[in-house]
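The residues making up each chain are set out below.
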Amino acid sequence: MTVVSRALDAVRRPHVATDLLQILKAVVAATAAWWLVLYVLDSQMPFLAPWTALLTVQSTVFRSLSRGLQTLVASGLGILVSFVIGSLLGVHLWTFALALVVGMIGSRLPGIRAEGVAIATTAIFVLGSGFGEQQPLLVERLIEVALGVAVGVVVNLLILPPLRDRQAAAYVDSINRRMGAVLGDMADSFAESWDTDRAEEWFRESASMQTELETAWRTVRFARESGRVNPRRRIPRPLGRPGRRDRVGAGPARSGRHVGYEELLNRVDEGVLYLRHLARTLRDASYTEGAWDDLFRERWSGIVRDAGRAIADPDADVEPVQHRLTALASQLSDQKGLPRSSWPVYGSLITSMELIATIVDDVASDREAREIERSSPTS
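These numbers come from a predicted model, not from an experiment.

Glancing now at the overall build of the protein. Helix and strand counts for the protein stand at 14 helices and zero strands. In sequence order, the secondary structure elements of the protein are arranged as α-α-α-α-α-α-α-α-α-α-α-α-α-α. Put simply, 84% of the contacts in the protein that link residues at least 6 apart link residues at least 24 apart. Surface accessibility of the protein: about 18,700 Å² in total, with carbon and sulfur atoms responsible for 60%.

Right under this line is the structure:
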């Protein structure tokens, strides 16, 4: 793979594309604000507007509005502080320090803490750039700050404001595929033989899934914020074709009810926990002496294999496994000669798979978590 192709692949990744778009929007906003105050308002202090525009371009429209208002208030207070101190006490070393002290204290005010330091930095700009000439222009400075905030908000509103719901879906999809891969590997190994090291790998993989879930939760929270006051949220998107139902378990259909990512992730989180329990059971069972019942080994591995396929691919054509697990348990209970010592392990494996099948059913069938290929880089 060439350097150019690797670079293009990197740019196509959603988070990289979003970061590059944010850089572009920040440059556009700051440059537009600078042009407006320099050539339209003929300002003698043209850096206040692009500076506030740069601060206002945040990762979401809602955050731009929130931080923009904070920047406007903080910068306005900074201008007022610098004009009051400069007019009454003059510009000296100690008055410069006094303005910074007042500004830093003001930055702790509730409601503007995120951008409160702009009080002090604005005072630095005003007092340090020829205050004598700027003294009569208090209103003009406030207009420039307001213009910079307005430009930042407008640019972030118009140039592809991010919708991270597709990235949240990508995490749900990734974890489902990993769960399916682990179950498939379990089935293949259990059908023949496995050892403690193999079971330990499954356990570590399930732990890694929980780490990925933490990232998914952060992305979902960001997706919820990105949808607020976002014009792209009002643009209807084509509906994906419905996923096949009853692949893993036999849970009730959702009847078209929209399932939020929070509910999906809660269900996936439970599924991963039961997968860890399943891996731990197999790891502990690898220390146990004695042969496994051939019927159980064959039937259970087939069920797990089909469950893994259904979780990884909701369109996979597999037989529902819930009733197969029930039938297996009934058949084993009627079977003579099965050692009593085997039942705790066999029962635990069957129960874990029943829980996984029930929990992952809705997640595996949800088409919204499978439209990754159709997602745009900034969605």
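Alright, that's what it looks like, and here's the rest.
Taken as a whole and assessed by the stated rule, the structure comprises nine salt bridges. Here R305 and D188 are joined by a salt bridge, their closest N and O atoms 3.2 Å apart. Of the two residues, R305 is situated in helix α12 (residues 294–312) and D188 in helix α9 (residues 165–192); the sequence distance between them amounts to 117 residues. If you follow the salt bridges from partner to partner, you end up with R178, E205 and E212 in one network.

For the protein, per-residue confidence averages 76 on the pLDDT scale, and residues scoring 70 or more make up 72% of the total. Per-residue pLDDT, averaged within each element of the protein, yields its smallest value for helix α1 (residues 3–12) (62) and its largest for helix α5 (residues 93–106) (91). Every residue in residues 237–257 is under pLDDT 50, and counting partners more than four places away or in other chains gives 52 contacts. Note on residues 367–378: pLDDT under 50 across the span, and 41 contacts to partners over four residues away in sequence or across chains.

Tracing the sequence through the fold places Q70 in helix α4 (residues 61–89). Between the C-alpha atoms of Q70 and R113, which are 43 residues apart in sequence, the distance is 8.1 Å. Residue contacts for Q70: discarding those within four places in its chain leaves G111, I112, R113, A114 and E115.

Here the focus is the nonpolar core. Counting 41 residues, the largest nonpolar core has L183, M186, L275, L278, F296, W300 and M353 as the members making the most contacts within it. At the level of secondary structure, the elements contributing two or more residues to this core comprise α9, α10 (196–226), α11 (261–285), α12, α13 (322–334) and α14 (343–365). Ignoring anything within four residues of it in the chain, the contact list for W300 reads F190, L278, L282, L328, L349, I350 and M353. By size, the runner-up hydrophobic cluster in this structure holds 11 residues, among which are I79, I112, V126 and V145.

Let's shift gears to a nonpolar patch on the surface. A surface patch of nonpolar side chains, amounting to about 730 Å² of accessible area, comprises W34, W35, Y39, V40, L41, V139 and I143. When residues of the nonpolar patch are traced back to their parent elements, those giving at least two are α2 (14–40) and α8 (138–158). For the nonpolar patch, the leading source of residues is α2, giving four residues. Looking at the secondary structure, you find L41 in the loop between α2 and α3 (48–56). Taking relative accessible area as the criterion, L41 reaches 42% and is therefore assigned partly exposed.

What follows covers the packing of α3 against α8. Contact geometry of α3 with α8 gives a least axis separation of 7 Å together with a crossing angle of 35 degrees. Crossing geometry of α3 relative to α8 is assigned as right-handed. Contact residues: α3 offers L48, A49, T52, A53 and T56, while α8 offers R141, E144, V145, G148, V149, G152 and V153. Considered class by class, the residues forming the contact of α3 with α8 number six nonpolar, four polar and two charged.

In this section: the packing of α3 against α4. Where α3 meets α4, the closest approach of the two axes is 9 Å, and the angle between their N-to-C directions is 145 degrees. Here the hand of the crossing between α3 and α4 comes out right-handed. Of the residues in α4, those touching α3 at L48, W51, T52, L55 and T56 are S64, G68, T71, S75 and I79.

The next thing to look at is the side chain of E144. Tracing the sequence through the fold places E144 in helix α8. Among the polar contacts listed, one links the side chain of E144 to the side chain of S43, at a separation of 2.4 Å. In contact with E144, not counting residues within four places along its chain, are V37, S43, M45, L48, A49 and T52.

Taken as a whole and judged by the stated rule, the model has eight aromatic pairs. Plain terms: the ring middles of W34 and Y39 are 6.0 Å apart, the flat faces sit at 90 degrees to each other, and that makes the pair edge-to-face. It is R283 that lies over the ring of F203; its NZ or CZ is 4.8 Å from the centre. A cation sits over an aromatic face here: R297 above F190, 5.4 Å from the ring centre.

Cut-offs used in this document
Residues numbered from 1 in each chain as written. Predicted model: local features only at pLDDT ≥ 70, side-chain atom pairs only at ≥ 80, totals over all residues. Heavy atoms only, no water. Helix = DSSP H or I, 4+ residues; strand = E, 2+ residues; numbered from the N terminus. Contact = heavy atoms within 4.5 Å. Areas by Shrake-Rupley, 256 points an atom, 1.4 Å probe, with all protein chains shown as cover. Salt bridge = Lys/Arg side-chain N within 4 Å of Asp/Glu carboxyl O. pLDDT = per-residue confidence, 0-100. Core = buried A, V, L, I, M, F, W, Y, C linked by side-chain atoms within 4.5 Å. Buried < 20%, exposed > 50% of the residue type's maximum accessible area, 1.4 Å probe, protein only. Patch = residues over 30% accessible without salt bridge, like charges linked within 9 Å, V, L, I, M, F, W, Y side chains within 5 Å. Axes fitted to C-alpha atoms, helices over the stretch in contact; angles between N-to-C directions. Left-handed = near helix turned anticlockwise from the far one by under 90°. Nonpolar A, V, L, I, M, F, W, Y, C, P; charged D, E, K, R; others polar. Polar contact = N/O pair within 3.5 Å; in protein donor to acceptor, adjacent residues only side chain to side chain. Phe/Tyr/Trp six-rings, centres within 6.5 Å; stacked < 30°, edge-to-face > 60°. Lys NZ or Arg CZ within 6 Å of the ring centre and 35° of its normal.

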